[in-house]
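# Descriptive structure summary
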Amino acid sequence: MMTKGSRILVLVAALAMGLVYVLPLWRITLQAPQYPEGLGMVIRINTIVGVKQHDLNNINNLNHYIGMKRIVPESIPEMKIMPVVIGVFMLLGLLTAAVGRRRLLYGFMALFLAFSVAGLVDFWMWEYDYGHNLDQENAIIKVPGMSYQPPLIGSRQILNFKAHSWPGWGGWILIGVGALGTAVAFTEFRRGRAERTGTPGAADAGSAPPTGAAAIGTLLLLGSATLTGCGGPDARPIAFGSEACEACLMGIVDDGHAAELVTRTGRAYVFDSVECLAAFLGAMPDASDVHSVWVTDFSNPPDLIRAEDSFFLVSPTLTSPMGLGLTAFGRMEDRDGAVHAFGGQPLDWDGVRTVVAAAWPDGRPAHGGHTETLAPDTTAGVHQGHGD
């Protein structure tokens, strides 16, 4: 028989699956120059909807140009099957927790993992069908042999669009259920084997608390709803020489000063300088959609590092593309070496934002172009970098 702790964990996993009925399973977003706000669709357990009101219709209109089938949720069989399947797994989980038989647990988890793999394969095949079986005869834009595979997880360039595909909160919950159930099954398997071989202490296993493996599974499940906020999309490589700064529209060519902002939906805004990133962020009416901000490590270009973990220098000698003389470093030692070599003032990320706000009160360079590098004494009163 399963231990009381294991049965409680299985009960938690079974009940957690109920959240999938109200939380999105998956999120796909598209970004392109002609759609500055991006387009997106959310896959729920029984339908597909646009992130914004007209997004799904706009995506279907774009797909029509290249002969791609319309995305019609009502015609997708999985949308009708998924609610039933998840309901069956919830009942199986509740039954397993109530009966407490290990074989029932093993069967429940084997079926759940098999269904999860089958679901991902089906999703990939669905994407393959939409991206390869194009109606070239009736397409407005005809490109012989054109086909593409949208990303299952992650990002991919498709023509002039950047496609991003990530689990939604419901998807992360199912991942947590799988991790928790696997940990419990593995723990119970080891406990059962110990009982069969007469290992000392096995008789007391029924009152033992959950093992470390099951505890890890619990943390994965409880943290699944926040993974989209602390995990999810990271910065992407910047295409130097072919991309323009989101703030000043200048071409990005300096790989030592470039920066990037990533939203929670995976959209990446790229900048030619730290100051343009800080100005863009300061001008945003609502920063709640920001997932992370990144700057280039000047000592190891074009490596991108998180802005809040970086060490900055404002210097009249070490110039930056937009003239404020702001440079980022991944290590304090490198930043301090630059202070000795070029002069200037060490800053942290809050200090950088203060400097940019003071220099560009309107959120853009003076006269629409480069500005004079700030002298070190103009940064008095702003935050210095990490313990300086």
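Coordinates for the structure precede this section.
Before going into details, it helps to say that this report is about the structure given with it. Keep in mind that this is a model prediction, so the values were computed, not measured. (Residues numbered from 1 in each chain as written. Predicted model: local features only at pLDDT ≥ 70, side-chain atom pairs only at ≥ 80, totals over all residues. Heavy atoms only, no water.)

## Some words on the packing of aromatic side chains
All told, the structure shown has twelve aromatic pairs when counted by the stated rule. Pairing Y269 with F280 gives two aromatic rings, centres 5.1 Å apart and planes at 40 degrees, and the pair type is tilted. Linking Y269 in strand 7 (residues 268-271) with F280 in helix 8 (residues 274-283), this pair joins segments that are eleven residues apart in sequence. In this pair, the class of Y269 matches that of F280, namely buried. Taken together through their ring pairs, the aromatic side chains of F89, F108, F112 and F115 make up a single cluster. (Phe/Tyr/Trp six-rings, centres within 6.5 Å; stacked < 30°, edge-to-face > 60°. Helix = DSSP H or I, 4+ residues; strand = E, 2+ residues; numbered from the N terminus. Buried < 20%, exposed > 50% of the residue type's maximum accessible area, 1.4 Å probe, protein only.)

## Details of helix 8
Counting buried residues in helix 8 gives eight out of ten residues, a clear majority hidden from the surface. Along helix 8, the positions that sit buried rather than exposed are V274, E275, C276, L277, A278, A279, F280 and L281. Contact partners of the buried residues in helix 8: strand 6 (259-263), strand 7, strand 8 (290-296), strand 10 (311-314), strand 11 (326-329) and helix 10 (349-359). (Contact = heavy atoms within 4.5 Å.)

## So, a nonpolar patch on the surface
Taken together, V117, V121, W124, M125 and Y128 make up a surface patch of nonpolar side chains, about 480 Å² in accessible area. Tracing the backbone shows V117 in helix 4 (residues 102-132). (Patch = residues over 30% accessible without salt bridge, like charges linked within 9 Å, V, L, I, M, F, W, Y side chains within 5 Å. Areas by Shrake-Rupley, 256 points an atom, 1.4 Å probe, with all protein chains shown as cover. Salt bridge = Lys/Arg side-chain N within 4 Å of Asp/Glu carboxyl O.)

## Observations concerning the sheet that holds strand 10
Taken together, the three strands give an open sheet; going across it, the order is 11-10-12, and neighbouring strands pair in antiparallel fashion. With one partner strand each, in any of the chains shown, strand 11 and strand 12 (345-347) form the two edges of the open sheet. Direction aside, the axes of adjacent strands within the sheet are offset by 30 degrees on average. In the sheet, strand 10 pairs with strand 12 via three bridges, with the strands oriented antiparallel. What sits directly across from L313, in strand 12, is P346. The sheet strands contacting helix 10 are strand 10, strand 11 and strand 12, and the helix crosses strand 12 at an angle near 115 degrees. (Pairing = 2+ DSSP bridges. Axes fitted to C-alpha atoms, helices over the stretch in contact; angles between N-to-C directions.)

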